[in-house]
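Here is how the chains run, residue by residue.
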Amino acid sequence: DRVAGAVLGALIHSDTPHHWSASERSDLVAGKAFGTTDYSIDSDGLRVRSQGRAIEVGLAVSGAIDLKRYANLEIVLASEHPASLVVVTRNLLDSEACSSEQIGLESGESTVLVNLRRLQWTCAGVPASAPNRAEMLRLRVDLDSGSTFTLIDVAARTNVALPASSLD
């Protein structure tokens, strides 16, 4: 009841129950970045320095996310140099991973809006439709070795608010 109330309350107020602050270790899988040992978490977010390989940040998902309803990722970040981002999902925790096409990131601080339905996807190396749900959600960032990247905030948002009248 508590979870359902939180989801419905968020939808009615055009908000989201799927929000991750990179300054909170509990919002990140294992409370860290993968692919580098040079990272820190503080009130500004998750700051990483590339060691020449892809950096992955797992977002802690409770249950599953309906990616048909929450098809838009709003990602607040800062990058020292241009970089690329790939969204990685799993429909079920033990299913094949699906990866989006690369999304170019400019240097500086920005809010990147990603419509997951409009991206090209591959699952197990084969072209696929956009995923409809996610029990696992990761962001993979590629940037030059020695460059820094800060993940500040991520939210999965819906296009349409749920009108209170539809609760009947």
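Everything below is about the structure printed above this text.
The following refers to the structure shown.

**With respect to the side chain of threonine 150**
Relative to the elements of secondary structure, threonine 150 occurs in strand 15 (residues 148-157). Beyond its immediate stretch of four places on either side in the chain, threonine 150 contacts Asp44, Gly45, Leu46, Arg47, Val76, Leu77 and Ala78.

**Topic: unusual backbone geometry**
Not every positive phi belongs to a glycine, and alanine 30 is a case in point at roughly 60°. As for its position among the elements, alanine 30 is in the loop between strand 1 (19-21) and strand 2 (39-42). Looking at alanine 30, the relative accessible area reads 61%, which means it is exposed. Backbone geometry at alanine 124 places phi at a positive 55°, although glycine is not the residue there.

**A short note on the state of the cysteines**
A complete count under the given rule lists one disulfide for this structure. Through a disulfide, cysteine 98 is tied to cysteine 123; the S-S separation comes to 1.9 Å. Here the disulfide of cysteine 98 and cysteine 123 is right-handed, its torsion about the S-S bond being about 110°. Separated by 25 residues along the polypeptide, cysteine 98 in strand 8 (residues 97-100) and cysteine 123 in strand 11 (residues 121-123) bring together distant segments of the chain.

**As for the pattern of salt bridges**
On inspection of all chains with the given rule, the structure shows seven salt bridges. Arginine 47 is paired through a salt bridge with aspartate 44; the nearest N and O atoms lie 3.7 Å apart. A relative accessible area of 31% places arginine 47 in the partly exposed class. Among the residues examined, aspartate 44 registers a relative accessible area of 45% and is labelled partly exposed. A single network of salt bridges, built from pairs that share partners, joins Asp42, Asp44 and Arg47.

**As for the environment of arginine 118**
Checked against the element boundaries, arginine 118 lands in the loop between strand 10 (108-115) and strand 11. Of the residues examined, arginine 118 reaches a relative accessible area of 69% and is grouped as exposed. Distance in space between the C-alpha atoms of arginine 118 and alanine 71 is 9.2 Å, their sequence separation being 47 residues.

**Regarding the environment of isoleucine 103**
Examined against the element boundaries, isoleucine 103 turns out to sit in strand 9 (residues 103-105). Taking the relative accessible area as the measure of exposure, isoleucine 103 reaches 13% and is therefore buried. A sequence separation of 16 residues divides isoleucine 103 from valine 87, and the C-alpha atoms of the two residues are 8.7 Å apart. In contact with isoleucine 103, other than residues within four places in its own chain, are Ala83, Ser84, Leu85, Val87, Val114 and Leu119.

What counts, and where the lines are drawn
- Residues numbered from 1 in each chain as written.
- Predicted model: local features only at pLDDT ≥ 70, side-chain atom pairs only at ≥ 80, totals over all residues.
- Heavy atoms only, no water.
- Helix = DSSP H or I, 4+ residues; strand = E, 2+ residues; numbered from the N terminus.
- Contact = heavy atoms within 4.5 Å.
- Buried < 20%, exposed > 50% of the residue type's maximum accessible area, 1.4 Å probe, protein only.
- Disulfide = S-S within 2.5 Å.
- Salt bridge = Lys/Arg side-chain N within 4 Å of Asp/Glu carboxyl O.

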